[in-house]
Amino acid sequence: MPRLFDAIREYLGTLKRSLAESLFALLIGLLIGAGLMLAFGYDPIMGYISMLKGFGIFTIEGFLAVLAIIALGLLLAAFIGAYWAKIPQALARLWRKKISGRSISLVAIVVFILFLISRMLEFLDNVELMEMLAYSVPLMLTAITFAVGMRAGIFNIGAEGQVYMGAVAAAWIGGHFALPTGLHLLAATAFAMLIGAAWALLPAILKIRAGVHEVISTIMLNWVAFFHVPYLIINRFAGVHAERTATILPTARYPILGASLTAVIFVALAACVVVYILLWRTRAGYELRLVGDNPDAARYAGINIRRAILISFIIGGMAAGLAGASQVIGRPLLGWTLPATLGTVFGLGFSGIGIAVIGRNHPIGGIFAALLFAGMLNGAKFMEYDWGISSELVVAIQGVIIIALAIPALLAMSRRGVRRLKIRRGPR
Amino acid sequence: MKNPLKKLLSSKRKGKKPAVARKPRRGETLVRAEGIAKGFPGVWEHLILDHINFDVKAGEVHALLGENGAGKTVLANILSGFYSLTKGRIYVKGKPVSIKSPKDALELGIGMVHQEFTLARPLTVTENVALGLSTSNFSFPLSEVEKKLKELSERYGLKVDPKARIEELSAGEQQRVEILKVLYHEPEVLILDEPTSVLTEDEAKSLFSILRAMAKEGRGVVFITHKFEEVFESSDRVTVLRLGKLVGTMKTSKTNRRELVRMMMGGEISLPKKKPAKVGKIALEVKDLHVLGERGVPAVRGISLTVRKGEILGIAGIAGNGQSELVEAITGLREVTKGKVLIFGKDMTNRSPREIADMGMGHIPEERRRIGTAEGMTVAENFIMKDYRRSPFSNRSFLNLPFITQHSKKMISEHNILVPDLWVTETRILSGGNIQRLILARETWWEPRLIVATHPTYGLDLKAVKHTHELFLKLKKKGTATLLVSEDLEEIFSLSDRIAVIFEGKIVGTMDAAKARVHKIGLMMAGSKG
Amino acid sequence: MAFKGGDDAEEDFGVKMVELISTSEADYAPNLRTAARDPDVELIVGVGFLLTDDLVKVALEYPDKNFMGIDTYTKWTDAGGLKEVGEVLPNLMDIIYEEHKGSALVGALGALVAIHYDKPYIGGVFGIEIPVLWKFEIGYKWGADWAISWYENNYPTQYAAEPTTSIVNTAKKERVLYTYTGTFSDITKGYTTALPMYEAGAVAVYNIAGPLGIGINSVVRDIAERDGLENGPPFWIGVDANQDWINPGFVIASMMKRVDFGVYYATKWVKDNTFRDLVESEGGEITLGVGTEVAGVLTEGIMISTGPLGELDEFIEMGVKAEELTGERILLGSPEWIRGKVEAMREAQPSWMWDAVAELETKIRTGEVEVPLAFTADDIAFWRDIFG
């Protein structure tokens, strides 16, 4: 085990700087938010205590329990960080039925930590914590879309439309086909990811073939989806009530863990880890990041830049499609339906941009940023219910905190951009 | 200037000025720095400047000589207010001053021209100069600026059209603008950081005559360099720095090259002795190659050349004569419009960089930060840019991190690269020399059959230059064919078996290195037929 | 509007109301639960049809609390398998409104105004095309059609002599200009959609997109300023609340859907301890509309703002209160001035117009005419085939 401790220390070391920056930014954001509350005549301390309820923290013990879960999460991340190379190999070996003691123990430890976390959730029986986790699921996924794009040097803001498409795709499979349990769930999830990716393929092809800038094409396709999906819902996929899709059949629903939280969270977390491994541990991910960091160097290294861009769009589209599905088959919203107003999926893609930025365009960072954002979303109702702080003011306070958190990362990004310009224009 | 406080401040400044603005006597000490020390946060134990004394006199041209990393630029930046000093004192005309910003320095009469350009490209020359004026409240007195610019450029022969936009100007002209920008403030001390690094030989010559003219007017001129020729050609005094320490200051006329080399290096260099080449089959053959340059203008106009196994072919030429385009065409980075590139007999014209690299070619590119490295990625990731596809660097599409770590560590120790942490350090924070070593290591460790190298030792200290040259000769012995492009004739002569001179996109002559003479090559580089 | 009902209930029954605004549909269930967990809460009101399934879910989780949904259809959903379709929960009540009837009244009024001013069109600015709005659309078109037939029957000579620009001579399918803007929040869309309607000759535009009415009002104000008008035409038609006071003289009338009444009644029933009995006796669904009764008592919720001016005062008062709260000017003038302008505007219209609307109201009330209710895609296709 000493190696594990080393690995954890190393991992925390890499986190330290950005973590410190983020905490400082968080403090600033909280202070400005407190100022806002004061200005409108509310008690900021009580306001924030109410907001904490959204994180499932009602008491000191609850706070400690949440800290314990975060610590376990960090431990798990560190563990994956330390044994990154061995986990896929161990899985592959298991797959090939070459069972060795080591591969079993590695997999067993991962399973055990997941088990611990799930046991803790159960033990806590904390509705608000579950609610927060439910809010975080689509956000961590749409964050992937933007983050993977940025890693490949692409400003992919098409998650919004891809979410709609993924949601309606999942609703179609989930509500209109009778398939056996398990298979149905799998089919609906996979199809949503497929359609999300297909929707992302359009700007990708426009970019690769015709050089159309992805900001233009993704924004326009967002609108196309925004008007097209309600049409599909009302005219093609409507159930008893014409303003929403047919109810998702029970066979296509993720099992509920508590409150609005379903097992889809495990799929989302797995997706984040898979994307992490893909980006940092595989050839394709390496190529993608090299293209994003320096396309000239990527060309020099013999990388097919178009392919890397295409892959980034596809990963992003799949993540966004899954985010859409998570709101339809992975969360009991509006009686397991998707409304034609798109209210249950609207804005997720754009929120994902901010979350990706706060998470430093890293899928694991995105998980933490999404949890933070989700807790604030969930805490909003307490601020309003307990103290009558109007929902607009609550949204403003959330916005201030998010912006403050994003500033260090945005600065780093702009510094990087300026540096690249300098390199391009400098004498050598 | 409506703000009364501002007015007060500005009048105060004006009141300070006459003390400095008095015309200095020739030989008077304008700036004196005493015991200057500089450390950067986190590395206090290692001072970048270790208690340096330095002075500039009116009417002199003072060369600041040192290897890369000796601290020349840091010292210049301290004097001109860009960096703060950790310890020490600065006196201007005998009075102690505190320089907190470049603006302070300019007001005290110290101006600096940086190595990198700091111009706004879409704006005109006049506008760029006006941008730096603190007196202008958004309404720039453009006509006035233009008038003064014309006067200045005539006075010193700094030929620039004030109405030209920066993006239309050549590197040499841009540098003149940079100098004008500083001269506009009428500084008494002008500091230039490696001013010739982007200039042609002619441009460099005219620059030094301009500097001379300025000194004659009673200004003090300091230029930073690591080239001995420039020291002897143009300076009155020379100060040598080594690893952050002052080695000495002396009159240029009272020293010689050998002494300076020893001061700079702390020892003597001897270039490796060449052994006659045992050449083999043709490795690289270029036939009647035509390539377009950046603006669609023909840059390579019918070049043919061959490089054989175990041979180093040096391409000598002044920058901008088509070398870059030639190399890019050979390595697959630029489209060939006409002609052929054959590598080991196989036609590789207009094939992808990957296919060409897979033929067994290493490429040390000219622009190491722009294309040679990905600066936002870690050092280890930069080490595998060319190899990540191969086993054991990766297996079944997964990267083999333990092997990559092991390999990178080996490279680091073999090439003396300074890297804090393989997997954490972003490559951008490495110094130019370390990046160059990283690229050298990456492109040569696998002993490629063919190497295309442009300025392989640019930015390296003399020891590393020696090490690199030995490396090239060792590879040559093992049968590697090398195409070496360099502006540094010393390098060309000490490595090449044959030398080809490129001028305006054509090879104007090829000769055996043993029979070639520097004088003749120089003339050919300048355009006269061999 | 629901706030107003809560405010009135606070005053009359000594209760306290706490609000929770959902920023997205994902907030529904968490918000409902938050209220249901509070031991002091007796009644939880969900406003909007989208809350239907979440109301069922939370009502099942908290059987001791009373729940009421406005515009919901909790009886007719299975809420994704939580209950049977048609099953009524003892603690959950739906309140539904007959917006199609109110829309028919303003549609008729609009058409009559167009006849009076010899204008070819009336208009409608809609939000996102969801089936709920079809009720409004078809009711509005049907009302316009009814009014034109009424005019033809009662004033045949004048009908025949109407100029070509009159709405009676516009093709039946083109009389109502309508656009679904795809938004319930983008006010500028209200402006850009309404402007061409007025330019084409629409005498009045019906706002069925909430805040987009502000955009419609801006068009009317701009036209009035340009032409130096004191009164309409052009007019616009308010929705949900009495919006006549917003721009007095230029709002011909409002289709009032008194959500506040629903909240007020429900509170009353909870305080009376008759809530659960009513849920049982009325089958879980209470309809508020024109001439509707609950347990034998006339309990209406839909009306057109053509009645006594006194009811306008409630809404002006809301404006006054809002001014006091925010310190900003909301009313265009003093309450007296507003009342005067509305009165003058009404008097400027011929009396047969108001008589006709009153006649339609009576006929709807007595069941003599039936306003069509479009709820499915088939319905809307059928009616659009007739009215365009």
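Structure: see above.
Here is what the cut-offs are and how they apply
- Residues numbered from 1 in each chain as written.
- Chains lettered and ligands numbered in written order.
- Predicted model: local features only at pLDDT ≥ 70, side-chain atom pairs only at ≥ 80, totals over all residues.
- Heavy atoms only, no water.
- 1 Å grid on protein atoms, 1.4 Å probe; cavity = no way out; pocket = protein on both sides within 12 Å on 5 of 7 lines; lining within 4 Å.
- Points joined across faces, edges and corners; volume = space filled by probe spheres on them.
- Helix = DSSP H or I, 4+ residues; strand = E, 2+ residues; numbered from the N terminus.
- Nonpolar A, V, L, I, M, F, W, Y, C, P; charged D, E, K, R; others polar.
- Pairing = 2+ DSSP bridges.
- Axes fitted to C-alpha atoms, helices over the stretch in contact; angles between N-to-C directions.
- Phe/Tyr/Trp six-rings, centres within 6.5 Å; stacked < 30°, edge-to-face > 60°.
- Buried < 20%, exposed > 50% of the residue type's maximum accessible area, 1.4 Å probe, protein only.
- Salt bridge = Lys/Arg side-chain N within 4 Å of Asp/Glu carboxyl O.

## Side note on empty space enclosed by the protein
Then, in step 1: The final tally for this structure, using the stated rule, is ten cavities of 30 Å³ or more.
Then, in step 2: Looking at the largest cavity, its volume works out to about 130 Å³.
Then, in step 3: Around the largest cavity, the lining comprises 16 residues; the ones closest to its centre are A:Ala380, A:Lys381, C:Ile21, C:Thr23 and C:Asp27.
Then, in step 4: Of all the secondary structure elements, the ones that give two or more residues to the lining of the largest cavity are helix 15 (363-387) and helix 16 (391-425) of chain A together with helix 2 (28-37) of chain C.
Then, in step 5: By residue number, the principal contributor to the lining of the largest cavity is helix 15 of chain A, which donates five residues.
Then, in step 6: Residues that form the lining of the largest cavity fall into these classes: eight nonpolar, five polar and three charged.

## Overview of the sheet that holds strand 3 (residues 92-97) of chain C
The pairing of strands in a sheet happens through backbone hydrogen bonds and is either parallel or antiparallel.
Residue and element names in this part refer to chain C.
Then, in step 1: On the basis of which strands lie adjacent, the open sheet formed by four strands has the order 1-2-3-9 and parallel pairing. Bordering the open sheet on either side are strand 1 (43-47) and strand 9 (285-288), each of which pairs with just one other strand. The mean angle between the axes of side-by-side strands here comes to 20 degrees, regardless of whether they run parallel or antiparallel.
Then, in step 2: Pairing of strand 1 with strand 2 (residues 66-70) involves five bridges; the strand directions are parallel. Bridge pairing in strand 2 links Ile-44 to Phe-67.

## What about the packing of aromatic side chains?
Then, in step 1: Taken as a whole and judged by the stated rule, the model has 31 aromatic pairs over all chains.
Then, in step 2: Centre to centre, the rings of A:Phe226 and A:Phe227 are 5.2 Å apart; their planes meet at 85 degrees, and the pair counts as edge-to-face.
Then, in step 3: Its relative accessible area of 43% is what places A:Phe227 among the partly exposed residues.
Then, in step 4: With a centroid separation of 6.4 Å and 70 degrees between ring planes, the pair formed by C:Tyr264 and C:Tyr265 is classed as edge-to-face.

## Let's talk about the pattern of salt bridges
Then, in step 1: Under the criterion given, the structure shown has 60 salt bridges over all chains.
Then, in step 2: Close ionic contact of B:Glu217 with B:Arg219 constitutes a salt bridge, the shortest N to O distance being 3.3 Å.
Then, in step 3: On the basis of relative accessibility, which here comes to 29%, the residue B:Glu217 falls in the partly exposed class.
Then, in step 4: Look at the salt bridges and you will find they share partners, linking C:Lys4, C:Asp8, C:Arg258, C:Asp260 and C:Glu314 into a network.

Worth remembering: the numbers are spatial, not functional.
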